[in-house]
Amino acid sequence: MQQLRTLSGTPTAPHQRAQGHARVVFGSHGRLTRLRQQGSAKAMLPRVHNTMPEVVFVNTCGGVTGGDHFRWELSVEQGAAVTGTTQAAERLYQASSGRGRIETVLRAGNGARLHWLPMETILFQECSVDRQIDVELEGDAEFLGVEALILGRAAMGEVLRNAHFTDNWRIRRNGRLVQAEAFRLSGDLADVLGGSATLGGVGALATIVLSARDAADRLEPLRARLPDSVTCGASAWNGQLVVRLHAPDHRPLKVALIEILTWLRGASLPRVWNM
Amino acid sequence: MNTEDLRHAQLLHQWLSPGYPTGAFAWSHGLDRLIDDGEIADAAGLECWLRGVLGYGSGWTDAVLLANAYRAPERADEVAELAAALAPSRERFAETLDQGTGFARVTSAVAGGSETPRAYPVALAVAAAREGVGLDLTLTLYLQAFVANLVSAAVRAVPLGQTDGQRVITALSGTCITVAQAARDTDLTQVGGAAIRADMASLHHETQYSRMFRS
């Protein structure tokens, strides 16, 4: 590939590193108290006909590649409620060098409700990204979160052969770690993609977490509603309700997610989910 | 081998033998469900599944947790908190906590040391570090015992003969060493994997009609 050259003749990277930081805080009265947007990160507040205000985060670069750094922060103070989502799927593109980094920080005060319902993340061949999601809850705050991963674009015949992606969730309540999720793919994926204990037959996966005082009470009614169109299962322990879903590709996964999430939160999902 | 090395080998043999009262025999890591569903029906299927769990599932993650707690026993509570939080389901949480609690109880009663209830790999790490047992040997034999316990569960649950079970253990002994070696110098950022189908099996085990095992 021909390198771009500056006037002085030194080669420059073909990809301009992107960085962005968006921070949104909702006060205890339920109104926006702080909005900070920097670099390629934006946050929009659409008018919604819902009791929960919505924040839509936007990566104006349309994806993440090696060397990029994005940070998304959403906080809701005591007693208030907010739903966070993203404008579009997060695309993790092939990296020519370096690691991309995505940090998501979600905080909810005592009695607050925070729902984190972003669009799916799509892994492309030779992507290289580390993602960290930190959730900090106080008192009896309710947190509902989902992350869906699409492993390559199956519809376009693309098979992931080599990629680096780590996804670490750490959910803390009153400073104590109550749940950790650690998904990790790195290097040659031939073994892990085909394995009966690993990703065999799974092209799209999602994890839903509900951390709430009544999380365990919701397990049995949820189990009765789990769709049989995808492979899914649920469990509850230590104040956490967890649902895991596997599907061959994105479409059936999304249908199942909409059904489960709508029931769990007792309200429709942000509009972007139905587009 | 000097007598100190021999004593360390004796300790690991005692701690990791099926007779040590950790209750290991009661847990199947979700295998019970896979056998019930007919997904694992022979030695080849079992070996393939265990290889994935060792390399990309709790084999790897437990080895990283064990190595980190061993190298810094003063941080054992922090590692134990992470180990417990990483459980993918209620039954897998109970599987690691119950065995670790049993291990710490009997080990402290017999030889002193911590009786704090902690996830199994962390409880073993703390005892091994206290006795000066080598990390490489502790990691390798922990993984070997994990494999042997699940093979034993499979031998009880499927028409898999004792000899076939031992063939699976033998076939995976190299993987135990590879995973142990790769995990020994890691830090905690390297926990995690992609054994998501094994995690799903443990979720499905919770609603299995007739269960032979607690996980």
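It should be noted that the structure appears before, not after, this text.
Reference entry: report on the structure contained in this document.

Parameters at a glance
- Every chain is numbered on its own, with residues counted from 1 as its sequence reads.
- As they are written, the chains are lettered A onward and the ligands numbered 1 onward, keeping that order.
- pLDDT decides what is reported in this predicted model: residues at 70 or higher carry local features, side-chain atom pairs at 80 or more are listed and counted, and totals for whole chains, interfaces and linings draw on all residues regardless.
- The side-chain numbers reported here are obtained from all heavy atoms of the structure, hydrogens and water having been left aside.
- We count a stretch as a helix when DSSP gives it H or I for four or more residues in a row; a strand needs E for two or more, and each element gets its number in order from the N terminus.
- Only C-alpha atoms enter the radius of gyration; for comparison, a globular chain is expected to reach 2.2 Å times N to the power 0.38, where N is the number of residues.
- Working definition: with a 1.4 Å probe on protein chains only, accessible area under 20% of the residue-type maximum means buried, over 50% means exposed, and in between means partly exposed.
- Contacts are residue-level and defined by heavy atoms, with any inter-residue pair within 4.5 Å sufficient.
- The Shrake-Rupley method, run with a 1.4 Å probe, gives the accessible areas here. Residue values count only the displayed protein chains as cover.
- In this tally, Asp and Glu contribute negative charge and Lys and Arg positive charge; neither His nor the terminal groups of the chain are included.
- To locate a charge, the coordinates of NZ of Lys, CZ of Arg, CG of Asp or CD of Glu are taken.
- DSSP calls a pair of strands paired once it identifies at least 2 bridges connecting them.
- Angles shown run from 0 to 180 degrees and are taken between the N-to-C directions of axes, each axis being a line fitted to C-alpha atoms and, for helices, limited to the stretch in contact.
- Here's the idea: put two parts together, see how much 1.4 Å probe accessible area each one loses, and the total over both is what we call buried area.
- What counts as a salt bridge is simple: a side-chain nitrogen of Lys or Arg found within 4 Å of a carboxyl oxygen of Asp or Glu.
- What qualifies as a polar contact is a pair of N or O atoms within 3.5 Å, subject to a donor-acceptor requirement within protein and to the restriction that residues adjacent in sequence count only when both atoms come from side chains.
- Cavity: a set of points on a 1 Å grid over the protein atoms alone where a 1.4 Å probe fits but cannot get out. Pocket: an open set with protein on both sides within 12 Å along at least five of seven lines, its lining residues, like those of a cavity, having an atom within 4 Å of a point.
- Grid points are joined across faces, edges and corners, and a volume is the space filled by probe spheres set on the points.
- In this classification, the charged set is Asp, Glu, Lys and Arg, the nonpolar set is Ala, Val, Leu, Ile, Met, Phe, Trp, Tyr, Cys and Pro, and all remaining amino acids, among them Gly, are polar.

1. Digging into the overall build of chain A
Stage number 1. Check the secondary structure of chain A and you find three helices and 19 strands.
Stage number 2. The C-alpha atoms of chain A give a radius of gyration of 19 Å, which matches the 19 Å a tight globule of 275 residues would have.
Stage number 3. When its C-alpha atoms are laid out on the principal axes, chain A stretches across 60 × 45 × 35 Å.
Stage number 4. Each of the 275 residues in chain A was classed as buried or not, and the buried ones make up 57%.
Stage number 5. Across chain A, every contact between residues at least 6 apart in sequence was considered, and the portion connecting residues at least 24 apart equals 70%.
Stage number 6. A total accessible area of about 12,000 Å² is found for chain A, and carbon and sulfur atoms account for 48% of it.
Stage number 7. Averaging the locations of the 31 positively and 26 negatively charged side chains of chain A gives two centres separated by 5 Å.

2. Some points on the sheet that holds strand β15 (residues 162–173) of chain A
All names here are of chain A.
Stage number 1. Taken together, the seven strands give an open sheet; going across it, the order is β4-β3-β7-β10-β13-β15-β16, and neighbouring strands pair in mixed fashion. Each having just a single partner strand, β4 (32–39) and β16 (176–188) make up the two edges of the open sheet. Each strand axis lies, on average, 5° off the axis of its neighbour in the sheet, ignoring direction.
Stage number 2. Here strand β3 (residues 19–26) pairs with strand β7 (residues 69–76) via eight bridges, running parallel. By the bridge assignment, glutamine 19 is partnered in β7 with histidine 69.

3. Regarding the pairing of strand β11 (residues 113–116) of chain A
Residues and elements named next belong to chain A.
Stage number 1. Pairing of strand β8 (residues 81–86) with β11, which is carried by four bridges, proceeds in the parallel orientation. Bridge pairing links alanine 81 to arginine 113 in β11.
Stage number 2. Alignment of β11 against strand β14 (residues 142–151), held across four bridges, turns out to be parallel. Directly across from tryptophan 116, in β14, lies its bridge partner glycine 145.

4. Some thoughts on the interface of chain B and chain A
Stage number 1. Tallying the contact residues gives 30 residues for chain B and 33 residues for chain A.
Stage number 2. Carbon and sulfur atoms supply 61% of the area buried between chain B and chain A, which totals about 2,600 Å² over both sides.
Stage number 3. Where chain B touches chain A, the interface holds one salt bridge.
Stage number 4. A salt bridge links glutamate 206 of chain B to arginine 223 of chain A; the nearest nitrogen and oxygen atoms lie 2.6 Å apart.
Stage number 5. Taken together, the links from chain B to chain A amount to 14 residue pairs in polar contact (both at pLDDT 80 or more).

5. Description of the layout of surface pockets
Stage number 1. Roughly 470 Å³ of internal volume is contained in the second largest pocket.
Stage number 2. Surrounding the second largest pocket, 21 residues form its lining, Arg51, Gly52, Gly55, Tyr56 and Val179 of chain B being those nearest its centre.
Stage number 3. Put simply, the parts of the chain that give the lining of the second largest pocket at least two residues each are β16 and α1 (190–194) of chain A together with α3 (43–56) and α9 (162–183) of chain B.
Stage number 4. Ranked by the residues each element gives to the lining of the second largest pocket, the list is headed by α3 of chain B, at five residues.

6. Side note on empty space enclosed by the protein
In this approach, a probe sized like a water molecule rolls over the atoms, and the result shows the empty space that is left.
Stage number 1. Evaluated as defined, the whole model comprises two cavities of 30 Å³ or more.
Stage number 2. Of the volumes computed, that of the largest cavity is approximately 120 Å³.
Stage number 3. Residue lining of the largest cavity: 16 residues in total, with Thr107, Gly112, Ser114, Ala123 and Ala127 of chain B positioned closest to the centre.
Stage number 4. The set of elements that each furnish at least two residues to the lining of the largest cavity consists of α6 (90–111) and α7 (120–131) of chain B.
Stage number 5. In the lining of the largest cavity, the residues fall into seven nonpolar, six polar and three charged.
Stage number 6. Considering only enclosed or pocket space, the second largest cavity measures out at about 30 Å³ in volume.
Stage number 7. For the second largest cavity, the full set of lining residues is Pro118, Met119, Glu120, Ala148, His250, Lys254, Leu257 and Trp273 of chain A.

7. Some thoughts on the pairing of strand β10 (residues 100–108) of chain A
Residue and element names in this part refer to chain A.
Stage number 1. A large share of β10 lies buried, amounting to seven of its nine residues.
Stage number 2. Here β7 pairs with β10 via eight bridges, running parallel. Paired with glutamate 73 across the strands is valine 105, a residue of β10.
Stage number 3. Across nine bridges, β10 lies against strand β13 (residues 128–137) in parallel orientation. If you follow arginine 101 over to β13, its bridge partner there is aspartate 130.

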